[in-house]
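Read off the chains here:
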Amino acid sequence: MLRILLSLMMLLVPVSAQAQGFDHGGWDALLKRNVVVVRGGVASAVRYDGMARDRAALKTYLASASKISRATFDGWTKPDQLAFLINVYNAATVELILTAYPNVKSIKDLGTFLQGPWSKPFVTLFGKQISLDEIEHGMIRKSGRYNDPRIHFAVNCASIGCPALARAAYRGATIDAQLDAATKGFLSDRTRNRPNGNGVAVSNIFNWYRGDFEKGWRGAKTLPAFFALYASSLGLSPAAATSAKGGQLDISFLAYDWQLNKAG
């Protein structure tokens, strides 16, 4: 009788509230054990040897995520949805690297001439096998649900040029602060983003996804205006920040380092 009553009570709990009960703890523990901060905390590297030893736990986390139905997911709050998708993407990327580790120097090694590593169906989600591209570009970027360019500093492509893989799982309740911290950290990394004369030299991420930064998030309708929001992190002078706010800033793009973000 008690079991029946508990089941009925669960049915009465809103699905959005149930989202908070999804256990990201396994992924969080893996990150804390196997991700190390470098360059003063603005970047990170992954202990893939440790991830390989913990692979059973990684697979358990991904299997748990695969059991979430689309209907359940759609009932969650947007912050819970976004945290879930970012965590699954990052965990699946680590698993993809482990399929060939230690014989992999770059995630690009895992693709073929006809199909990149991000395009092949690899992740089981919402009842079918999908690709990393489908999560990032279809579900996160182009779904129209989130419209937050800071996601580019949270999803991790297992490369040195990529923004840091965070040492904690994303959570719906804290995701805004987490995304802001990730953005500030990446823009503060002078190996990938820095003042350059009267302008800036920045990661190619801003070239590839420029349109995402020009959709009006927090009023920024140009890439310079987005940089003005984080002028301090990027190291802009007051004059450059004022110009950037008005949409004027010389921008060049740096070469992207696709080497594996492996801890030494």
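Our structure is the block above this text.
Note that the coordinates shown come from a computational prediction; the quantities given were computed from them, not determined experimentally. (Residues numbered from 1 in each chain as written. Predicted model: local features only at pLDDT ≥ 70, side-chain atom pairs only at ≥ 80, totals over all residues. Heavy atoms only, no water.)

Colleague: Please explain the pattern of salt bridges as it appears in this structure.
Modeller: Any two side chains of opposite charge can pair, given that their charged atoms come close. Counted by the stated rule, this structure contains 18 salt bridges. In this structure, arginine 150 engages aspartate 180 in a salt bridge whose closest nitrogen and oxygen atoms are separated by 3.1 Å. Separated by 30 residues along the polypeptide, arginine 150 in the loop between α8 (132-141) and α9 (175-187) and aspartate 180 in helix α9 bring together distant segments of the chain. Judged by its relative accessible area of 2%, arginine 150 is buried. With a closest N to O distance of 3.8 Å, aspartate 212 and lysine 215 form a salt bridge. A relative accessible area of 56% places lysine 215 in the exposed class. Overlapping salt bridges, with partners in common, bring together Asp148, Arg150, Asp176, Asp180, Lys184 and Arg218 in one network. (Salt bridge = Lys/Arg side-chain N within 4 Å of Asp/Glu carboxyl O. Helix = DSSP H or I, 4+ residues; strand = E, 2+ residues; numbered from the N terminus. Buried < 20%, exposed > 50% of the residue type's maximum accessible area, 1.4 Å probe, protein only.)

Colleague: Whenever I open this one, the sheet that holds strand β7 (residues 251-253) confuses me. Can you help?
Modeller: To summarise the sheet geometry, strands pair through backbone hydrogen bonds and adopt either a parallel or an antiparallel arrangement. Pairing is mixed in the open sheet, where three strands are placed in the order β5-β6-β7. Here the strands that pair on one side only, and so sit at the sheet edges, are β5 (194-196) and β7. The average undirected angle you get between the axes of adjacent strands in this sheet is 30°. Examined bridge by bridge, strand β6 (residues 199-202) and β7 share three bridges and lie parallel to one another. Considered in β7, the bridge of valine 200 is made with isoleucine 251. (Pairing = 2+ DSSP bridges. Axes fitted to C-alpha atoms, helices over the stretch in contact; angles between N-to-C directions.)

Colleague: Help me understand the pairing of strand β2 (residues 43-46) in this model?
Modeller: Sheet faces and side chains relate simply in a regular strand, where the side chains alternate between the two faces. Of the two faces of β2, both are covered, the one formed by Ala43 and Ala45 as well as the one formed by Ser44 and Val46. Across four bridges, strand β1 (residues 35-38) lies against β2 in antiparallel orientation. Within the sheet, the bridge partner assigned to valine 35 lies in β2 and is valine 46. The turn joining β1 and β2, which pair antiparallel and follow one another in sequence, is formed by four residues; a positive phi near 50° is taken by arginine 39.

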